[in-house]
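# Coordinate analysis (summary)
What follows is the residue order along each chain.
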Amino acid sequence: MIYELEMREEVLEFLCCPICKEDLELHKVLKTREHEIASGFLACSKCGRLYEVKNGIPDLLPPEFIKGSDKRWMIAYDRSARSYYILMHIIMPALSLWTEVLARSEWVARLGLRRGDIALDVSTGTGRNLPFLLKRVGHKGLVFGMDISKGMLAYAARLVKAKGWHNVELQRANAAYLPYRDNMFDGVLHVGGINTFEDKARALAEMVRVAKPSARVVIVDEGLEPDKRKTLIGRFLLRTNALYFSMPPEKPLREQVEDLKVEWGVVPCWAMPMWPFYVMEARKPLREASGFQHRPQ
Ligand SMILES: C[S@@+](CC[C@H](N)C(=O)[O-])C[C@H]1O[C@@H](n2cnc3c(N)ncnc32)[C@H](O)[C@@H]1O
Ligand SMILES: [Zn+2]
């Protein structure tokens, strides 16, 4: 099934070439409505690379950025997108008795978004965070969702279309090579992918780069608090998912942000093993520290 979306032309103001970070221009586009692009190409004004737009989703992922564990997990998520959608949008909210909903609302609340703000959901997957972000920014705000997996994005697109959300824009890209200009977003959220990223430090630097000065960046992923790892339930959980051994990658983030807080939590799910996580919350400084300017390829 095809879920056709359109990319609004104004989105070009946010996008840049993921390779050289220069402007993108429209190239042979098919417009469904005035200022809305269904398909075509975006061309980099510097390196000339062409990026395809299909069903309103620009593919800003050059093949050279699909490597190592990013590639392995991209393939895995492409294959399991349908099951992930059913798990996250139907089974998990029901079986957790809405504690998952409360957890996501709380992670999004940490961004401190206001009506009319522009938010980015890094690794949006099937779009599970989108309704929570939209609730905060309202109909005058804008939410960007990016992901490396075409399969996952197809489900996010389906959700956007089904809900009639007109202020969501989706892009395919690698989180470590974000296709957005510097200082664009009022809040940057990431839930559930960084543990497996090929280059975590680069992805963190990119999330900070695209946030506006003083905007918040919130990063959540699976992990069990070290103190709990030796307990009976801790040992059981670690057997069910090796990713629960993950530690928050706070060191590379600490150098770039202010007010970094790292907390551990658990989403209780009554009919299935609980979901332990860490959350890192930080603020981009008003003035950038010298060490983390983006590094074009
Ligand atoms: C566990 S899912 C989380 C999806 C969503 N954030 C959620 O909370 O339901 C992890 C997502 O990370 C994406 N991902 C993995 N590696 C990535 C990368 N290097 N860049 C961008 N997304 C990536 C996967 O395609 C997948 O959609
Ligand atoms: Zn370029």
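Residues numbered from 1 in each chain as written. Chains lettered and ligands numbered in written order. Predicted model: local features only at pLDDT ≥ 70, side-chain atom pairs only at ≥ 80, totals over all residues.

## Looking at the overall build of the protein chain
Selection rule: By the criteria applied, helices consist of DSSP H or I runs no shorter than four residues and strands consist of E runs no shorter than two, each listed in order from the N terminus. A radius of gyration in this sense is built from C-alpha atoms; the matching globule rule multiplies 2.2 Å by the number of residues raised to 0.38. Three exposure classes are used, all based on how many other C-beta atoms lie within 10 Å of a residue's own C-beta (placed from the backbone): buried at 20 or more, exposed at 12 or fewer, and partly exposed between those limits. The contact criterion used is a C-beta to C-beta distance within 7 Å, with each C-beta placed from the backbone.
Helix and strand content of the protein chain: seven helices and 12 strands. Against the compact-globule benchmark of 19 Å for 297 residues, the protein chain has a radius of gyration of 19 Å, which places it among compact chains. Along the first, second and third principal axes, the C-alpha atoms of the protein chain reach 60 × 45 × 40 Å. Residues counted as buried form 44% of the 297 residues belonging to the protein chain. Sequence-distant contacts, at least 24 apart, represent 69% of the contacts inside the protein chain between residues at least 6 apart.

## Some words on the environment of Arg-239
Position of Arg-239 relative to the elements: it lies in helix H6 (residues 232-240). Separated by 206 residues in the primary sequence, Arg-239 and Arg-33 place their C-alpha atoms 52 Å from one another.

## Some remarks on the nonpolar core
The condition is simple: Residues of type Ala, Val, Leu, Ile, Met, Phe, Trp, Tyr and Cys that are buried and joined through C-beta atoms within 7 Å form what is called a nonpolar core. Here the bounds of each domain stem from an automatic or database domain assignment.
Judged by nonpolar contacts, the single largest core of 81 residues is most densely connected at Val-188 and Leu-189. If you tally residues by element for this core, the top one is helix H4 (residues 150-163), at eight residues. Each of two domains, domain 1 (1-58) and domain 2 (61-286), supplies a minimum of three residues to this core. If we ignore the near neighbours within four places in the chain, the residues touching Val-188 are Leu-120, Val-122, Met-207, Val-210, Ala-211, Ala-215 and Val-217.

## Some remarks on the sheet that holds strand S9 (residues 185-191)
Threshold: The criterion for strand pairing is that DSSP finds at least two bridges linking the strands in question. Throughout, an axis means a line fitted to C-alpha atoms (over the contacting stretch in the case of helices), and angles, computed between N-to-C directions, take values from 0 to 180 degrees.
Pairing in this open sheet of seven strands is mixed, and the strands run S8-S7-S6-S9-S10-S12-S11 from one edge to the other. Each end of this open sheet is capped by a strand with a single partner; those strands are strand S8 (168-172) and strand S11 (258-267). When strand polarity is set aside, the average angle formed by the axes of neighbouring strands in this sheet is 15°. Where strand S6 (residues 118-122) and S9 come together, four bridges link them in parallel fashion. Within S9, the residue paired with Asp-121 across the bridge is Leu-189.

## A short note on the domain arrangement of the protein chain
Taken domain by domain, the protein chain comprises domain 1 (1-58) and domain 2 (61-286). Summarising the inter-unit geometry, the C-alpha centres of domain 1 and domain 2 are found 24 Å apart. Taken together, the contact pairs 14 residues of domain 1 with 19 residues of domain 2. Contributions of two or more residues to the side of domain 1 that touches domain 2 are made by strand S1 (7-8) and strand S5 (57-58).

## Considerations on the site of ligand 1
Inclusion rule: Here, nearness means that the C-beta atom of a residue, built from backbone geometry, sits within 6 Å of the molecule or strand in question. Classification used: nonpolar for Ala, Val, Leu, Ile, Met, Phe, Trp, Tyr, Cys and Pro, charged for Asp, Glu, Lys and Arg, polar for all others including Gly.
Taken together, 21 residues form the shell around ligand 1, and within it Ser-123, Gly-125, Ser-149, Gly-192 and Gly-193 come nearest. Per-class residue counts for the shell around ligand 1 are 10 nonpolar, eight polar and three charged.

## Topic: the confidence of the model for the protein chain
The following threshold applies: Per-residue confidence from the prediction method is given by pLDDT, with values spanning 0 to 100.
Averaged over the protein chain, the pLDDT score is 93; the fraction of residues at 70 or greater is 94%. At the low end of the mean pLDDT range in the protein chain sits strand S2 (residues 24-33), at 85; at the high end sits S6, at 99. With pLDDT under 50 throughout, residues 290-297 is counted as low confidence; its partners more than four residues away or in other chains account for 12 contacts.

## Description of the pairing of strand S7 (residues 142-147)
To keep things clear, this is the line we draw: If you view a crossover with the strands going away from you and the path from the first strand over the helix to the second runs clockwise, you call it right-handed.
In terms of burial, S7 is largely enclosed, as six of its six residues are buried. Between S6 and its parallel partner S7, the chain crosses via helix H3 (residues 130-137), and the hand of that crossover is right-handed. Relative to S8, S7 runs parallel, the two being bridged by five bridges. By the bridge assignment, Gly-145 is partnered in S8 with Leu-170. A crossover connection joins S7 to the parallel S8 through H4; in handedness this β-α-β unit is right-handed.

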